[in-house]
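# Results of the structural survey
Spelled out from the first residue to the last, the chains are:
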Amino acid sequence: EAGVVQSPRYKIIEKKQPVAFWCNPISGHNTLYWYRQNLGQGPELLIRYENEEAVDDSQLPKDRFSAERLKGVDSTLKIQPAELGDSAVYLCASSLGAGGPYEQFFGPGTRLTVL
Amino acid sequence: AQKVTQAQTEISVVEKEDVTLDCVYETRDTTYYLFWYKQPPSGELVFLIRRNSFDEQNEISGRYSWNFQKSTSSFNFTITASQVVDSAVYFCALSQREEYNFNKFYFGSGTKLNVKP
């Protein structure tokens, strides 16, 4: 069974440039998460989708971040414009249902460097 | 407020030593779930275990064991006879019900384990 797929794996951009990350969850997983992981810290939730509906985006900086999950399958996270502080690993995860008792399956992440 | 605290930032042991990773959580809910994930150098978080708040029975899986104590709000993880392949960052996480009946996940800051040959 294929795991969570993310692309690109690495991205280097200059500040003020736009950037987009793509995620394809495990087939059949209705819940999709985007996390940001800063160096030396644990993942922090940015947004959670139930099918195509964003049910928790309270931690998403909406002035520059946006996300979509069309058709309730794959998802895109966008930053425009990027700032130096956005440098981090962006993780996508999926699960059969919301929260516990469902474990999340993580993708390899996209390491973003903003210069 | 910090929901999950992993006070040990980094631990170094020599192969075959036992090591315990501490996790303390904070919640007012009576129903919640606790998790441990492993993040090897490759970066992908790997699920290790899930416990619900009503099951305090300790669990053993090979060289791994988990001690869940509600009285001290702790969910500690022990690796017996550590191996170099155990070197990774380990995260403890809490899932509790909040708005809209959906559970929210909170990760600790992680403990980096270095196992030296």
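Residues numbered from 1 in each chain as written. Chains lettered and ligands numbered in written order. Predicted model: local features only at pLDDT ≥ 70, side-chain atom pairs only at ≥ 80, totals over all residues. Heavy atoms only, no water.

## Examining the overall build of chain B
Short version of the rule: To qualify as a helix, a DSSP run of H or I must reach at least 4 residues; to qualify as a strand, a run of E must reach at least 2; elements of each kind are numbered from the N terminus. We take the radius of gyration over the C-alpha atoms and set the globule estimate at 2.2 Å times the residue count to the 0.38 power. Contacts are assigned to residue pairs that have any heavy atoms within 4.5 Å of one another. For the accessible areas, the method is Shrake-Rupley and the probe is 1.4 Å, while residue cover comes only from the protein chains on display.
Of regular secondary structure, chain B possesses zero helices and 12 strands. Here chain B has a C-alpha radius of gyration of 14 Å; the compact-globule value for 117 residues is 13 Å, and the two agree. Here the contacts in chain B between residues at least 6 apart in sequence split such that 54% fall between residues at least 24 apart. Here chain B has roughly 6,100 Å² of accessible surface; of this, 47% comes from carbon and sulfur atoms.

## Some details on the nonpolar core
Here is the rule we go by: Residues belong to one nonpolar core when they are buried, are Ala, Val, Leu, Ile, Met, Phe, Trp, Tyr or Cys, and are joined through side-chain atoms within 4.5 Å. Working definition: with a 1.4 Å probe on protein chains only, accessible area under 20% of the residue-type maximum means buried, over 50% means exposed, and in between means partly exposed.
Counting 23 residues, the largest nonpolar core has B:Trp36, B:Phe75, B:Phe77, B:Tyr90 and B:Leu113 as its most contacted members. At the level of secondary structure, the elements contributing two or more residues to this core comprise strand S2 (10–14), strand S3 (19–21), strand S5 (32–39), strand S8 (64–69), strand S9 (74–79), strand S10 (88–97) and strand S12 (111–116) of chain B. Ranked by residues supplied to this core, first place goes to S10(B) with four residues. If we ignore the near neighbours within four places in the chain, the residues touching B:Phe77 are B:Val19, B:Thr20, B:Leu21, B:Trp36, B:Leu48, B:Tyr64, B:Ser65, B:Trp66 and B:Tyr90. Grouped together as the second largest cluster of nonpolar side chains are 21 residues, A:Ile26, A:Phe65, A:Tyr90 and A:Val114 included.

## What about the state of the cysteines?
Selection criterion: Working definition: a disulfide is two cysteine sulfur atoms within 2.5 Å of each other.
Following the criterion strictly, the structure yields two disulfides over all chains and no others. Two residues, A:Cys23 and A:Cys92, share a disulfide whose sulfurs are 1.9 Å apart. Because the sign of the S-S torsion sets the handedness, a value of about -70 degrees for the bond joining A:Cys23 and A:Cys92 places this disulfide among the left-handed ones. Of the two residues, A:Cys23 sits in strand S3 (residues 19–24) while A:Cys92 sits in strand S9 (residues 88–95), which places them 69 residues apart along the sequence. B:Cys23 shares a disulfide with B:Cys92; S-S distance 2.0 Å. Across the disulfide from B:Cys23 to B:Cys92, rotation about the S-S bond amounts to roughly -65 degrees, and the bridge is consequently left-handed. One end of the pair, B:Cys23, is in the loop between S3 and strand S4 (24–25); the other, B:Cys92, is in strand S10, and 69 residues separate them in sequence. Of the two residues examined, B:Cys23 and B:Cys92, each falls in the buried class.

## Let's talk about unusual backbone geometry
Residue and element names in this part refer to chain A. Here the bond from Ser7 into Pro8 is cis, since omega is -5 degrees, no more than 30 degrees from zero. If you trace the backbone, Pro8 turns up in the loop between strand S1 (5–7) and strand S2 (10–13). With an omega dihedral of -5 degrees, the bond running from Gln80 to Pro81 counts as a cis peptide bond. Note on placement: Pro81 falls in the loop between strand S8 (75–79) and S9. Residues other than glycine seldom take positive phi values, yet Asn51 does so here, at roughly 55 degrees.

## Topic: the pattern of salt bridges
Residues and elements named next belong to chain A. Just so we agree on the cut-off: Definition used for salt bridges: Asp or Glu carboxyl oxygen within 4 Å of a side-chain nitrogen of Lys or Arg.
Considering all chains together, one arrives at nine salt bridges over all chains under this definition. Notably, a salt bridge pairs Asp86 with Arg36, separated by 4.0 Å at the nearest N-O pair. One end of the pair, Asp86, is in the loop between S8 and S9; the other, Arg36, is in strand S4 (residues 31–37), with 50 residues separating them in the sequence. Residue Asp86 is classed as buried on the basis of its relative accessible area, which comes to 2%. The class for Arg36 is buried, based on a relative accessible area of 17%. Between Asp86 and Arg64 there is a salt bridge, and its shortest N-O distance comes to 2.6 Å. On the criterion of sequence distance, the pair formed by Asp86 in the loop between S8 and S9 and Arg64 in the loop between strand S6 (53–56) and strand S7 (65–68) is long-range, its members being 22 residues apart. Look at Arg64 and you get buried, because its relative accessible area is 13%.

## Describing the packing of aromatic side chains
Using the following cut-off: Here a pair means two rings of Phe, Tyr or Trp (six-membered ring of Trp) with centres within 6.5 Å. Their orientation is stacked below 30 degrees between planes, edge-to-face above 60, and tilted elsewhere.
Summed over all chains, the structure comprises 23 aromatic pairs over all chains. An angle of 75 degrees between the planes, with centres 6.3 Å apart, marks the rings of A:Tyr33 and B:Phe105 as edge-to-face. Taken as a pair, A:Tyr33 in strand S4 and B:Phe105 in strand S11 (residues 103–107) lie in two separate chains rather than in one. Neither residue differs from the other here; A:Tyr33 and B:Phe105 are each classed as buried.

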